[in-house]
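Here is how the chains run, residue by residue.
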Amino acid sequence: MTVRAAIVIPIYNHKDEIGATLERLMPHGLPVFVVDDGSNEATQAVLAELAGRWSPMMSLLRLDVNGGKGAAVMAGLKAARDAGFTHALQIDADGQHDAADVPRFLDAARAAPDAVVLGRPVYDESVPKARLYGRYLTHVWVWIETLSLAIPDSMCGFRLYPLDAACALIHSVALPTRMDFDIEILVRLSWRGLRFVTIPTRVTYAPGGLSHFDVVRDNLRISKSHTRLVVGMLVRSPRLLARKVLPRQTRPKTDLGNQGRWWDIAERGSHTGMCLLTLSLRLFGMRATQLWLHPIVAYFVLTGRTARQESHRYFSRLREASPGQTTPAPGWRSAYRQMLAFAEAGLDKFAAWTGRVTHTHVVFDDPSAFEALAASGKGALVIGAHLGNLEMTRALAVHGSRAKVTAIVYTEHARRFNRVLAGAHRNFASRMVEVADFGPETAVMMQQRIDDGELLVIVGDRVPAHEAGRVVEAPFLGATARFAQGPYVLAHALGCPVYLFFCLKERGGHRLYFEPFAERIALPRRERAAHLAAHAHRYAERLEHYCRKAPFQWFKCGEFWARPSGEGTGRR
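Residues numbered from 1 in each chain as written. Predicted model: local features only at pLDDT ≥ 70, side-chain atom pairs only at ≥ 80, totals over all residues. Heavy atoms only, no water.

Visitor: Would you mind showing me how to read the overall build of the protein here?
Guide: Along its length, the protein carries 18 helices and 16 strands. Taken across its 572 residues, the protein has 55% of its residues classed as buried. Summing over all exposed atoms, the protein offers an accessible surface of approximately 25,000 Å²; the carbon and sulfur share of this is 54%. (Helix = DSSP H or I, 4+ residues; strand = E, 2+ residues; numbered from the N terminus. Buried < 20%, exposed > 50% of the residue type's maximum accessible area, 1.4 Å probe, protein only. Areas by Shrake-Rupley, 256 points an atom, 1.4 Å probe, with all protein chains shown as cover.)

Visitor: What am I meant to see in the pattern of salt bridges here?
Guide: If charged atoms from side chains of opposite charge come close, those side chains can pair. Under the definition given, this model contains 19 salt bridges. A salt bridge links Asp365 to Arg511; the shortest N-O distance between them is 3.5 Å. Of the two residues, Asp365 is situated in the loop between strand S8 (362-364) and helix H13 (368-376) and Arg511 in strand S16 (residues 509-518); the sequence distance between them amounts to 146 residues. Two residues, Arg449 and Glu454, come together in a salt bridge whose shortest N-O distance is 3.2 Å. Through salt bridges with shared partners, one network takes in Lys69, Asp92, Arg159 and Asp182. (Salt bridge = Lys/Arg side-chain N within 4 Å of Asp/Glu carboxyl O.)

Visitor: What am I meant to see in the nonpolar core here?
Guide: A general feature of soluble globular proteins is that nonpolar side chains tend to end up buried together. Counting residues in hydrophobic clusters, the biggest one holds 47 residues, and the most contacted among them are Leu387, Phe476, Phe483, Tyr539 and Leu543. Residue contributions to this core peak at seven residues, all from helix H18 (residues 528-549). Listed in part, the 35 residues of the second largest apolar core include Ile151, Leu169, Val187 and Leu194. (Core = buried A, V, L, I, M, F, W, Y, C linked by side-chain atoms within 4.5 Å.)

Visitor: I keep staring at the sheet that holds strand S1 (residues 5-11) and nothing clicks. Help me out?
Guide: As a general point, the strands of a sheet are linked pairwise by backbone hydrogen bonds and lie either parallel or antiparallel. With mixed pairing, seven strands are arranged side by side in an open sheet as S3-S2-S1-S4-S6-S5-S7. Looking at which strands have only one partner, the edges of the open sheet turn out to be strand S3 (58-63) and strand S7 (196-203). Averaged over all pairs of adjacent strands, the angle between strand axes in this sheet comes to 25°, irrespective of strand direction. Relative to strand S6 (residues 159-162), strand S4 (residues 87-90) runs antiparallel, the two being bridged by four bridges. Looking across to S6, one finds that Leu89 is bridged to Leu160. On the sheet, helix H2 (residues 41-54) packs against S1, strand S2 (32-37) and S3 and is oriented at approximately 155° with respect to S3. (Pairing = 2+ DSSP bridges. Axes fitted to C-alpha atoms, helices over the stretch in contact; angles between N-to-C directions. Contact = heavy atoms within 4.5 Å.)

Visitor: Could you clarify how one ought to interpret a nonpolar patch on the surface in this entry?
Guide: Taken together, Leu137, Val140, Trp141 and Ile144 make up a surface patch of nonpolar side chains, about 340 Å² in accessible area. Structurally, the position occupied by Trp141 is in helix H5 (residues 129-146). (Patch = residues over 30% accessible without salt bridge, like charges linked within 9 Å, V, L, I, M, F, W, Y side chains within 5 Å.)

Visitor: Looking at this structure, how should I read the packing of aromatic side chains?
Guide: The geometry of an aromatic ring pair is captured by the separation of the ring centres together with the interplanar angle, meaning the angle of the planes. Across all of its chains, the model carries 16 aromatic pairs by this definition. Their ring planes at 85° and their centres at 6.0 Å tell us that Phe33 and Phe85 sit as a pair that is edge-to-face. Here the residue Phe33 occupies a position in strand S2, and Phe85 occupies one in the loop between helix H3 (69-82) and S4, the gap between them amounting to 52 residues. Its relative accessible area of 13% is what places Phe85 among the buried residues. On the basis of an interplanar angle of 85° and a centroid distance of 5.8 Å, the ring pair of Phe483 and Tyr539 is categorised as edge-to-face. (Phe/Tyr/Trp six-rings, centres within 6.5 Å; stacked < 30°, edge-to-face > 60°.)

Visitor: Where do I start with helix H7 (residues 181-191) in this structure?
Guide: An α-helical segment advances 3.6 residues per turn. Residues three or four places apart therefore align on the same side. Most of H7 sits out of view: eleven of its eleven residues are buried. Every buried residue of H7 is accounted for by Phe181, Asp182, Ile183, Glu184, Ile185, Leu186, Val187, Arg188, Leu189, Ser190 and Trp191. In the segment just after H7, Gly193 is the residue with positive phi, at about 90°.

Visitor: Just checking my understanding: could you explain the pairing of strand S15 (residues 498-506) for this structure?
Guide: Looking down a regular strand, the side chains alternate between one sheet face and the other. Among the nine residues that make up S15, eight are buried, leaving the element largely enclosed by the rest of the structure. Sheet topology places strand S9 (residues 380-384) next to S15; three bridges connect them, and they run parallel. Following the sheet pairing, Ile383 is matched in S15 by Leu500. Bridge analysis of S15 against S16 gives nine bridges, and the strand direction is antiparallel. Within S16, the position partnered with Glu506 by the bridge is Gly509. Hairpin remark: S15 followed by S16, antiparallel, with two residues in the connecting loop; positive phi at Arg507, about 55°.

Visitor: Teacher, can you tell me more about the environment of Tyr205 here?
Guide: By the secondary structure assignment, Tyr205 is in the loop between S7 and helix H8 (215-245). The spatial distance from the C-alpha of Tyr205 to the C-alpha of Gln96 is 5.9 Å, given a sequence separation of 109 residues.

Visitor: What exactly am I supposed to notice about the packing of helix H1 (residues 18-25) against H2 here?
Guide: Angle between the axes and distance between the axes: these two values describe a pair of packed helices. Here H1 crosses H2 at 20°, and the two axes come no closer than 11 Å. In terms of their interaxial angle, H1 and H2 are classed as roughly parallel. Viewed along their axes, H1 and H2 form a crossing whose handedness is right-handed. Residues Ile18, Gly19, Leu22 and Glu23 of H1 pack against Val46, Leu47, Leu50, Arg53 and Trp54 of H2. (Parallel < 35°, antiparallel > 145°, perpendicular 65-115°, else oblique. Left-handed = near helix turned anticlockwise from the far one by under 90°.)

Below, the structure written as structure tokens:
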């Protein structure tokens, strides 16, 4: 996105300061919209002279009646957008802000065009102490209203808005027009899912400077605004909490429930939310933290039409493929339980890496295959699935030092979630390898780890975009499904034993299923397709078995099944 920025300056009777402010801003070469908020005649005369001097860089807008700082800023933002600008840098007219920081704001906007760039004041000795300390009460209220620490200072008038988002809010919500505007617009933009970037900037107070802040009236207005915002936060709390705790897509829209496949993005989420989740685990424990998940999941079930449809499709196939067996009926209840299991699986990953889930909570269904492999000292390839909690077992292996377990993860699905888990245990990063593809280079990199006796864990039910053409079809729950060739090609290249592994949550604990799959996978050139199909078929059979065993714990339904011939594959 090309950033085309303008400057918006609201002014009310600052005739003595506006000239110097413009002098400092003009060298940056940005068009300036000065909005006269009903100033007196003396200020009008100064502004008219400045408009003539700086034409055409300066545009002067006049409001006939003083409407307040918020009214002036909104008029300037709308004028800048109507003139074709994508961003507007708001700065006060009184010269308190350091105009030398304008390039830093622009650089931040170019790096994150959809974000609001906020100035974080760095005060000198000129700041009035009463005003300095009084700001902190508002900061705390904003953190409560957004359920976030993303806005460190909501009162600084030096900030840069993405105009599409700001003007959309202005047109849809009756924002306050006085000093409470600066606070409320940020909170409401946060509710809409916008990101915030912070720039430290020097702020000075000139001796005897003109201030339009009315201690009584404006504090009352700000108090009323916080009351409205707290009520608004309570109404929106399921969505706000969901945005922080449950994974989300990285698309511009923020309503995950209406557009995303939550099971296909299990490793993407809000970094701040994940950190809060970890903090809650440490402070309040597992049970208290689990309570957060119920209203969040309920919200997504109610609003996530796509998620409900795909859950319905999965349970319908499961029921049709399991005649004579008791299986969950497709519907709202099944969708809720499946989504709750997904959220709890993420929570268990944090708990395992922070040591709150120990070996006493985990048992092998049959430990013989694992113990024999561990005793041999050999490395092996272990194929898992988006069923249960594969990640948690890797954490337990590290804590218990029973085996060297390394996860092979696709690069595009690892970054945010794994960054938080890395903070939970110092050995996390050393036990994970990111790959973009399963090609010859990957096999060479993995061979050393196999030779060192490591267990390499991958999933067999994900087909990343890079491998869209390298799939093999196999029957799964009564229909044809697509499985990646990568695990079997990698096993062939490594020449090592292959095992299947699943970790299911059962009766409050976790049960591990570890079973031999092949002593070695060979893919003869002439019979390669047939061998791949056979291995995928066997894997699909075992996955189907465990889906019946734990029907709510498979998180990869989506568009997993192949479409009829001639239809597009769509999103995976």
